[in-house]
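Geometric and topological summary
One letter stands for each residue in the lines below.
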Amino acid sequence: MKADLWRRWRAGESISVISRQIGKPPGSVFTVLKHHGGIAPGSCKARAGSLTVGERDEISRGLCAGESYRAIAGLLGRAVSTISREVNKNGGRDVYRAIAAQERALDRARRPKQCLLARRPVLKQAVLTLLREEWSPEQITGHLRLHHSDDPGMRISHETIYRSVCTTRWKVVPRELCKRLRTGRPIRKNKRHTVKGQWRSQITGTRPIDERPETAEDRSEFGTWKAIW
């Protein structure tokens, strides 16, 4: 469901449209988007040689059937110790579930590093100063490129600035600076975001002006009069 949410968001659909398509309230959709600043997170890749979701499913089936660790290991072509550690890390034989174990493995595989501004205090201070003066991220990028062309540590893209501002959970840029952006939006949107053609931008039952009756021209009927000031 989250993958479908992000796919629709990247395609330019509004929050209200996404909420109807996935059957969730608009507030829930916004919460997921806001957690990442409106920028779709990258896919997490498992480490080479780690158990796959299919193998974890086979482990779960084997445990439900009462098979031993050795039998399951032989079926998967894995070491017995690998199966034993996998099951013990996820609650033991009685509570092991493949999906839950896969989600925990992906969470452990994530090793988020600090964002660029958090790693470069001098650059961070320069960006925050210009944001307080209501400079746009594009202007900040151009200013730093012009005045610090010989210092690679003072280079940053405007998209990185937007990501740092919108992703408030990083706590790199003060939240009040989000309102200093000219758009005033709490999350990042791409150029394809528009409500044109969507349900809330349409007026149903409209009649083109060339189909208006002749009485509208001479104002012979009530309802077609125009106020003259």
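Here is what the cut-offs are and how they apply
Residue numbers here run from 1 along each chain, matching the order of that chain's written sequence. Side-chain atom pairs in this predicted model are given and counted only at pLDDT of 80 or more, local residue features only at pLDDT of at least 70, and totals for whole chains, interfaces and linings cover all residues. With hydrogens and water stripped out, all remaining heavy atoms of the structure feed into the side-chain values. For the purposes of this entry, the term helix denotes a DSSP run of H or I that reaches at least four residues, the term strand denotes a run of E that reaches at least two, and both are numbered from the N terminus. Burial classification: accessible surface area is computed with a 1.4 Å probe over protein chains only, and a residue below 20% of its type maximum counts as buried, one above 50% as exposed, and the rest as partly exposed. Any two residues whose heavy atoms approach within 4.5 Å at even a single point are treated as in contact. For the area figures, the Shrake-Rupley method with a 1.4 Å probe applies, and any residue is considered shielded solely by the protein chains shown. The span you would expect from a helix comes to 1.5 Å times its residue count less one. What the arc covers is the set of directions going from the helix axis to the C-beta atoms. Detection works on a 1 Å grid of protein atoms alone, calling trapped sets that fit a 1.4 Å probe cavities and calling open sets with protein on both sides within 12 Å along at least five of seven lines pockets, with lining residues defined by an atom within 4 Å of a point. Grid points are joined across faces, edges and corners, and a volume is the space filled by probe spheres set on the points. Nonpolar cores were defined as sets of buried Ala, Val, Leu, Ile, Met, Phe, Trp, Tyr and Cys residues, with membership established by side-chain atoms within 4.5 Å. Any carboxyl oxygen of Asp or Glu within 4 Å of a side-chain nitrogen of Lys or Arg constitutes a salt bridge here.

Counting its regular elements, the protein contains 12 helices and 0 strands. Going from N to C terminus, the protein has its helices and strands arranged as α-α-α-α-α-α-α-α-α-α-α-α. Classification of the 229 residues of the protein by burial places 31% in the buried group. Excluding contacts between residues fewer than 6 apart, the proportion of contacts in the protein whose partners are at least 24 apart in sequence is 59%. Within the structure as shown, the protein displays about 15,800 Å² of accessible surface, and the carbon and sulfur contribution to it stands at 52%.

A few words on helix H7 (residues 98-109). Here H7 contains 12 residues, and its C-alpha end-to-end distance of 16 Å stays within 8% of the 16 Å for a straight helix at 1.5 Å per residue. Regarding H7, the residues found buried are Ala98, Ala101, Gln102 and Ala105. Seen along its axis, H7 keeps its buried residues to an arc of 100°; they face one direction. Buried residues belonging to H7 abut helix H4 (53-64) and helix H6 (80-89).

This paragraph deals with empty space enclosed by the protein. To find the voids left in a structure, one rolls a probe of water-molecule size over its atoms. All told, the structure shown has 1 cavity of 30 Å³ or more when counted by the stated rule. If you add up the space inside the largest cavity, you get close to 60 Å³.

It is worth spelling out the nonpolar core at this point. Leu117, Leu123, Val127, Leu131 and Val173 are the most contacted members of the largest nonpolar core, which has 20 residues in total. Every element with two or more residues in this core is listed here: helix H8 (116-119), helix H9 (121-132), helix H10 (137-147) and helix H11 (158-166). At 5 residues, the largest contribution of residues to this core is made by H9. The contact partners of Leu123, leaving out residues within four places of it in the chain, are Leu116, Leu117, Leu144, Gly153, Met154, Arg155 and Ile156. If you look at the next biggest cluster of nonpolar residues, it comprises 11 residues, including Leu51, Ala73, Ile83 and Tyr96.

Attention shifts here to the pattern of salt bridges. If you walk through the whole model with that rule in mind, you get 6 salt bridges. In this structure, the salt-bridge partner of Asp57 is Arg61, at a minimum N-O distance of 3.0 Å. A residue pair is termed a helical-turn pair when its members lie 3 or 4 positions apart in one helix, as Asp57 and Arg61 do in helix H4 at 4 residues. Residue classification places Asp57 among the partly exposed residues on the basis of a relative accessible area of 30%. With a relative accessible area of 53%, Arg61 lands in the exposed category. A cluster of three or more residues bridged by salt bridges with shared partners is formed by Asp4, Arg7, Arg8 and Glu13.

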